[in-house]
Protein chains: 2
Amino acid sequence: MKKYLHVLKKCPLFSDIEEEDLLRMLVCLGAKTEYFDKKYTVFQEGSPAKYIGIVLSGSVQIIQVDFDGNRSILGEVTASEVFAEAFACAEVSALPVSVIVNEPGEIMLINCSHILHTCSNNCGFHQQLIFNLMKDLALKTIFFHQRIEITSKRTTREKLMAYLHLQAKKANSLSFEIPFDRQELADFLEVERSGLSSEIGKLKKEGVIQAEKKRFTLLCGD
Amino acid sequence: MKKYLHVLKKCPLFSDIEEEDLLRMLVCLGAKTEYFDKKYTVFQEGSPAKYIGIVLSGSVQIIQVDFDGNRSILGEVTASEVFAEAFACAEVSALPVSVIVNEPGEIMLINCSHILHTCSNNCGFHQQLIFNLMKDLALKTIFFHQRIEITSKRTTREKLMAYLHLQAKKANSLSFEIPFDRQELADFLEVERSGLSSEIGKLKKEGVIQAEKKRFTLLCGD
DNA sequence: AAATATCTGTTGAAATTTCAACAAAAGGAG
DNA sequence: CTCCTTTTGTTGAAATTTCAACAGATATTT
């Protein structure tokens, strides 16, 4: 556990909680850590939500698959980030998403009811923990708004450009890497892979962007 | 304020808070109530988020308008429901959405920092309030997942049917009213109004649904 | 009650996406 | 290094959406 202390300290769930308190708290919360291989299903759509997940290393993807087999990627979660917190908090009986390992690594799982229902020792950090969880949920909602702003565009080109501009803003640079390959990007933008590929090709020809594998560069300053 | 007590008691923000405590708390929080006319902009996209809104009567819509003028409707908020809580909690400096009055009515506004930062009297309900706010945020996230499940469909027909099935499930009946007119429904589903209209026409002809103004009935039991 | 504004359904042409299929390129395993 | 798998770009045809425009129906206002 100590190995990942620097990761946990960056986790929004543990903001403003001291190192020694954090370690004790994790014991109190019954946190457990597991290693998962690539493509492993950490949480299966339809199963009850009890655990909050924290990525310690590697990464996971949040995905939704409808009955026609169409995959939507809701997001990519990397080290020190939290996932499934909303479902665990709301205590839903059937997860609307699956969580799949993208890059193998270790994941910490915490039974959410241990967070929500103050422990018997009534430790003071507990209030801070709940406060942090709330902030995190608020930020997740904002993330969804950004995603909707992108996917609500009507054409592949507009969706792609909206996404790239947002990534550039996040990276604070016109050049940046995205966490998706082409198929995954298509599933995130809710478009067809082949159409996306050809659109990327056109934008490159037009001199609007550079694109080499996962690295994109916006050439126009707008 | 007393006039809307029954509405406030149903508000998820005030679950498990006694009537007398609630009234005192509202004073403590500096809650203020205002009447708004139809089409009035309660919150303007781009302005800082400070207040949580609670609809006491009438309804509001949460909308996003991109620079091309395309409108997306994120949701409809009716009596005893909360809005803008995520942005207020996250203390964002620029709202990504506007809130527009649909049916005129009264709205209660509460400065979110009064909720987040425990008051000097440190009243016990405050912890309950924060807990409730967290639950509410979790449910909002789930709502967004449902919306994504609908809008991620590729055709107008699929989006419409996914939406109608969800509404039927919520209403617990195959017949129900939706809160949108045709243009608004199109802006919620992220499709073209004319295409939506013709799709509704086809579904009626095929005997899959009945549709009369805002009342829809699913004729197939699936 | 008439006049005005808003909402709805329809149309056909243009633009775009989807779909299926294939080949080149890149990556990984032995 | 070679074989095998995965990823990516390309294509053209079919399906769907978008767009603009209009007319009938429904509300709202005066």
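Residues numbered from 1 in each chain as written. Chains lettered and ligands numbered in written order. Predicted model: local features only at pLDDT ≥ 70, side-chain atom pairs only at ≥ 80, totals over all residues. Heavy atoms only, no water.

(A) Quick peek at the domain arrangement of chain A. All names here are of chain A. Once the domains are mapped, chain A shows domain 1 (2–150) and domain 2 (153–218). Measuring from the centre of the C-alpha atoms in domain 1 to the corresponding centre in domain 2 gives 28 Å. Of the roughly 1,200 Å² buried where domain 1 meets domain 2, counting both sides, 53% is carbon and sulfur surface. For domain 1, the biggest contributors to the area lost against domain 2 are Arg-71, Ile-73 and Ile-150; these three give 51% of the whole. Summed over the shared surface of domain 1 and domain 2, the result is two salt bridges. (Domains from an automatic or database assignment. Buried area = accessible area lost by both parts, 1.4 Å probe. Salt bridge = Lys/Arg side-chain N within 4 Å of Asp/Glu carboxyl O.)

(B) Highlighting the protein's contact with DNA strand D. The local shell around DNA strand D holds 14 residues, among which A:Arg182, A:Arg193, A:Ser197, B:Thr156 and B:Glu192 are the closest. A share of 58% of the atoms of DNA strand D within 4 Å of the protein falls on sugar and phosphate groups. Between DNA strand D and A:Arg193 there is a distance of 3.0 Å, counted from a base nitrogen to a side-chain nitrogen or oxygen. With respect to DNA strand D, the side chain of B:Ser194 contributes an N or O atom lying 3.3 Å from a base nitrogen. Counting only elements with at least two residues in the surface near DNA strand D, the list comes to α7 (182–189) and α8 (193–205) of chain A together with α8 (193–205) of chain B. Among the elements that line the surface near DNA strand D, the one with the most residues is α8(A), at three residues. A per-class count over the surface near DNA strand D returns one nonpolar, six polar and seven charged. (Near = heavy atom within 4 Å. Polar contact = N/O pair within 3.5 Å; in protein donor to acceptor, adjacent residues only side chain to side chain. Helix = DSSP H or I, 4+ residues; strand = E, 2+ residues; numbered from the N terminus. Nonpolar A, V, L, I, M, F, W, Y, C, P; charged D, E, K, R; others polar.)

(C) Main features of the interface of chain B and chain A. In this complex, chain B contributes 36 residues to the contact, which on the side of chain A involves 36 residues. Taking both partners together, chain B and chain A bury about 3,500 Å²; carbon and sulfur atoms supply 63% of that area. Per-residue buried area on chain B facing chain A is highest for B:Met134, B:His145 and B:Arg154; these three make up 19% of the total on that side. Along the contact surface separating chain B from chain A lie six salt bridges. Between B:Lys153 and A:Asp66 there is a salt bridge; the shortest N-O distance is 3.2 Å. Per element, the largest residue contribution to the side of chain B that touches chain A is 16 residues, and it comes from helix α5 (residues 125–151) of chain B. (Contact = heavy atoms within 4.5 Å.)

(D) Molecular detail of the protein's contact with DNA strand C. Not every one of the 14 residues close to DNA strand C is listed here, only the nearest: A:Thr156, A:Glu192, B:Arg182, B:Arg193 and B:Ser197. Counting only atoms of DNA strand C within 4 Å of the protein, the sugar-phosphate share comes to 54%. One of the side-chain nitrogen or oxygen atoms of B:Arg193 is found 3.0 Å away from a base nitrogen of DNA strand C. Those elements that place two or more of their residues in the surface near DNA strand C are α8 of chain A together with α7 (182–189) and α8 of chain B. With three residues, α8(B) is the largest single contributor of residues to the surface near DNA strand C. For the surface near DNA strand C, a count of residues per class yields one nonpolar, six polar and seven charged.

(E) Spatial organisation of the nonpolar core. Counting residues in hydrophobic clusters, the biggest one holds 109 residues, and the most contacted among them are A:Phe14, A:Phe83, B:Phe14 and B:Phe83. Per element, the largest residue contribution to this core is ten residues, and it comes from helix α5 (residues 125–151) of chain A. Contact partners of B:Phe14, with chain neighbours within four places excluded, come to B:Leu8, B:Leu22, B:Met25, B:Leu26, B:Ile54, B:Ile110, B:Leu129 and B:Asn132. Grouped together as the second largest cluster of nonpolar side chains are 27 residues, A:Ile73, A:Leu160, A:Met161 and A:Ile209 included. (Core = buried A, V, L, I, M, F, W, Y, C linked by side-chain atoms within 4.5 Å. Buried < 20%, exposed > 50% of the residue type's maximum accessible area, 1.4 Å probe, protein only.)

(F) Region of interest: the pairing of strand β4 (residues 59–65) of chain A. Residue and element names in this part refer to chain A. Summarising burial for β4: six of the seven residues are buried, a large majority. Bridging between β4 and strand β5 (residues 71–78) involves seven bridges; their strand directions are antiparallel. Across the sheet, Gln-61 pairs through a bridge with Glu-76, a residue of β5. (Pairing = 2+ DSSP bridges.)

(G) Broad picture of the packing of aromatic side chains. One pass over the full model with this rule turns up 13 aromatic pairs over all chains. Taken together, A:Phe143, A:Phe144, B:Phe143 and B:Phe144 form an aromatic cluster joined through their ring pairs. If you follow A:Arg147 out to its NZ or CZ, it ends over the ring of A:Phe188, 5.0 Å from the centre. (Phe/Tyr/Trp six-rings, centres within 6.5 Å; stacked < 30°, edge-to-face > 60°. Lys NZ or Arg CZ within 6 Å of the ring centre and 35° of its normal.)

(H) Quick peek at helix α6 (residues 156–171) of chain A. Residue and element names in this part refer to chain A. Along its 16 residues, α6 runs 22 Å from first to last C-alpha, staying within 8% of the 22 Å computed at 1.5 Å per residue. Residues Lys-159, Leu-160, Met-161, Ala-162, Tyr-163, Leu-164, Leu-166, Gln-167 and Ala-168 constitute the buried set of α6. Among the structural elements, α5, β9 (175–177), α7, α8, β10 (209–212) and β11 (215–218) are those in contact with the buried residues of α6. Asn-172 occupies a position one or two residues after α6 and carries a positive phi of about 55°. (Expected span 1.5 Å × (residues − 1).)

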